[in-house]
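Reading the structure
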Amino acid sequence: MTDVNLLRICIAGACVLLIVAIYFLGRPRKPDQGRRTSSPRRDESRREPTFGEQIENQSLHAEHDSLASDASQSELDLLERSLDARGHGQHAPSAPTNPALGVRTDEQFDRIVTLYVAARAGQSLAGPDLLVAAEKAGLVHGHMSIFHRLIDGHPEQGPVFSVANMVKPGSFDLSRLQELSTPGISFFMTLPAPISALDAWDAMLPTAQRMAELLDALVLDEERNALGRQRIAHIRDDLRAYDRQRDQQTIQPKW
């Protein structure tokens, strides 16, 4: 092969390579070609939940936390309004059935013991059912338009414990009983009570359990947890110590 022929072959090969390079480099790129794209799975994991999903994912415990917080405030509001009404001759917002029943004989108290009877998730307690359950449990509608447990034969000594509505302002307006619907009710006793703290607890707990049974509801402790035997035993020990301390304070020293 002559040098001229070899040169012609080299030139022809170079031309072919040049044409191929021009073809591939001159093709238009796809819109997303050459750009970094995020992984669909990663985007999905970072997606913020919608408002509807947040509502669906709320737990029963979170729901009771909110209710119990409102109930605790309602209890304090009820006590404050009760003391204010006695001091200034004012009346509760809704007229109670028996205004004199459940009035505290002493404005001083140093502790509140609380239980809750809460409706199951997605349910509520109806006014007529509440009234029937309260009557069966031995409660009376009285001062501040809430329910009270009184000492048999001595109602003038004040309430052993009271039952308020979880929904503010905490009262039960019997004139609108058919419209009443609430997520739960709050049992509370103020100490010192007209009887010993332990006896008051032994009256309040069975009443709460009885109403929960009648209303198909749940009994919760003051921390909005299901009330178990261990917690009940702890509360009884605590109240027994409270009674012992008060007994020691009332004993006069002998000189």
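Keep in mind that what you see is a predicted model, and the values were worked out from it rather than measured. (Residues numbered from 1 in each chain as written. Predicted model: local features only at pLDDT ≥ 70, side-chain atom pairs only at ≥ 80, totals over all residues. Heavy atoms only, no water.)

With that out of the way, let us pick up the pattern of salt bridges. What the rule picks out here adds up to 8 salt bridges. Between R231 and D221 there is a salt bridge, and its shortest N-O distance comes to 3.8 Å. Here R231 is found in helix α7 (residues 229-250), whereas its partner D221 is found in the loop between β8 (218-220) and α7, with 10 residues between them in sequence. One salt bridge in this structure joins D237 and R240, with 2.9 Å as the shortest N-O distance. Here D237 and its partner R240 are both found in helix α7, 3 residues apart, which amounts to about one turn of the helix. The partly exposed category is assigned to R240, whose relative accessible area is 32%. Because the salt bridges share partners, they merge into one network encompassing D221, E222 and R231. (Salt bridge = Lys/Arg side-chain N within 4 Å of Asp/Glu carboxyl O. Helix = DSSP H or I, 4+ residues; strand = E, 2+ residues; numbered from the N terminus. Buried < 20%, exposed > 50% of the residue type's maximum accessible area, 1.4 Å probe, protein only.)

The pLDDT averaged across the chain works out to 77; a share of 60% of its residues lies at or above 70. Long-range and interchain partners of residues 34-68, a stretch whose pLDDT sits below 50, account for 19 contacts in this model, where long-range means more than four residues apart. Contacts from residues 81-93, a stretch scored under 50 in pLDDT, to residues over four places away or in other chains number 15 contacts. (pLDDT = per-residue confidence, 0-100. Contact = heavy atoms within 4.5 Å.)

Glancing now at unusual backbone geometry. Going from K168 to P169, the amide bond is cis rather than trans, its omega being 5 degrees. With respect to the secondary-structure elements, P169 resides in the loop between β5 (159-165) and β6 (181-182). The residue S145 is not glycine, and still its phi comes out positive at about 60 degrees. By the secondary structure assignment, S145 is in the loop between β3 (140-141) and β4 (147-150).

With that settled, the discussion passes to the nonpolar core. Nonpolar side chains in soluble globular proteins tend to be buried together. Ranked by internal contacts, the top residues of the largest apolar core, which has 44 residues, are F187, M189, W201 and M211. Sort the elements by how many residues they give to this core and helix α6 (residues 197-215) lands first, with 9 residues. Every residue in contact with M189, bar those within four places of it in the chain, is listed here: R111, I112, V113, V160, F161, A197, A200, W201, M204 and L239. (Core = buried A, V, L, I, M, F, W, Y, C linked by side-chain atoms within 4.5 Å.)

This part takes up the packing of aromatic side chains. Inspection of the entire model under this criterion finds 2 aromatic pairs. Between F147 and F172 the ring centres are 5.0 Å apart and the planes differ by 50 degrees, which places this aromatic pair in the tilted class. Of the two residues, F147 is situated in strand β4 and F172 in the loop between β5 and β6; the sequence distance between them amounts to 25 residues. On the accessibility criterion, F147 (5% relative accessible area) is buried. Taking the relative accessible area as the measure of exposure, F172 reaches 2% and is therefore buried. (Phe/Tyr/Trp six-rings, centres within 6.5 Å; stacked < 30°, edge-to-face > 60°.)

Here we come to the sheet that holds strand β1 (residues 111-118). Taken together, the 6 strands give an open sheet; going across it, the order is β3-β4-β5-β7-β1-β8, and neighbouring strands pair in antiparallel fashion. Sheet topology places β3 and β8 at the edges, where each strand pairs with a single neighbour. Of the strand pairs in this sheet, β1 and β8 are connected by 3 bridges, and their pairing is antiparallel. For V117, the partnering residue across the bridge sits in β8 and is V219. Strand contacts of α6: β1, β4, β5, β7 (184-191) and β8, with the helix running at about 175 degrees to β7, the strand carrying the most contacts. (Pairing = 2+ DSSP bridges. Axes fitted to C-alpha atoms, helices over the stretch in contact; angles between N-to-C directions.)

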